[in-house]
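# Descriptive analysis of the structure
One-letter residues, chain by chain:
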Amino acid sequence: MNSVEQMHLNGNTVMELVQFKPPYTVGASFKDEACFIHVLKGNVGFMFNNTQYQMQSNDSIMMYNKQFVDLYFTQSNTTCKVLIIHFCNDVLHYIFNKSLPPIFNRRASNKSGVDLLNKNELVSMYVHNLLYFFENEQQTNSNIIALKMKEVLLVISQLETLNTSLKTSKHENV
């Protein structure tokens, strides 16, 4: 891994900007949390619930289930850059005063636990604005981090359609 930048809220890692050069493989347990992943650069693949997902630059995914995810990255020579936002229960209750936002209730019926999001201008603008705070840490505080976490949930809930056209395939040997 070439670099990892993190933002913390109440002792929890809530945002990560990860940059690396493939080939690279990592297993991640998103226990007791939902997770938003946005590919800024490169091609990224991951395994979730025995399904393999392929993502390219500007693709995003929202995972709602508390599962183990195998993140892996293509064998290209291109550096990959990924933004990860973790929504652990403690932080969500802190931000939303013990009442979870409706997006988690609405999406709870999603059997796969994964929403593939369109390459969307609203998501791209959110990510662009968030990157400012990674580049200017002195401008960041707990209120800004909490606000940016609320904002991404509002952006996702505003998307009218979810893109399921990303290439998926069943992985037989998991």
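Residues numbered from 1 in each chain as written. Predicted model: local features only at pLDDT ≥ 70, side-chain atom pairs only at ≥ 80, totals over all residues. Heavy atoms only, no water.

The strand order across the open sheet built from 6 strands is β1-β2-β9-β4-β7-β10, with neighbouring strands paired in antiparallel fashion. Both edges of this open sheet fall to β1 (3-9) and β10 (114-117), since each of them pairs with a single strand only. Geometrically, the sheet is characterised by an average inter-axis angle of 15 degrees between neighbouring strands, direction not taken into account. Examined bridge by bridge, strand β4 (residues 33-41) and strand β7 (residues 60-63) share 4 bridges and lie antiparallel to one another. Bridge pairing links cysteine 35 to methionine 63 in β7. Strands in contact with helix α3 (residues 121-135) are β1, β2 (12-20), β4, β7 and β9 (80-88); relative to β2, the strand with the most contacts, it is inclined by about 95 degrees. (Pairing = 2+ DSSP bridges. Helix = DSSP H or I, 4+ residues; strand = E, 2+ residues; numbered from the N terminus. Axes fitted to C-alpha atoms, helices over the stretch in contact; angles between N-to-C directions. Contact = heavy atoms within 4.5 Å.)

Within a regular strand, the side chains alternate between the two sheet faces. Most of β4 is tucked away: 7 of the 9 residues are buried. Alignment of β4 against β9, held across 8 bridges, turns out to be antiparallel. Counterpart to lysine 41 in the pairing with β9 is lysine 81. (Buried < 20%, exposed > 50% of the residue type's maximum accessible area, 1.4 Å probe, protein only.)

Function-wise, these values are silent; they only describe arrangement.
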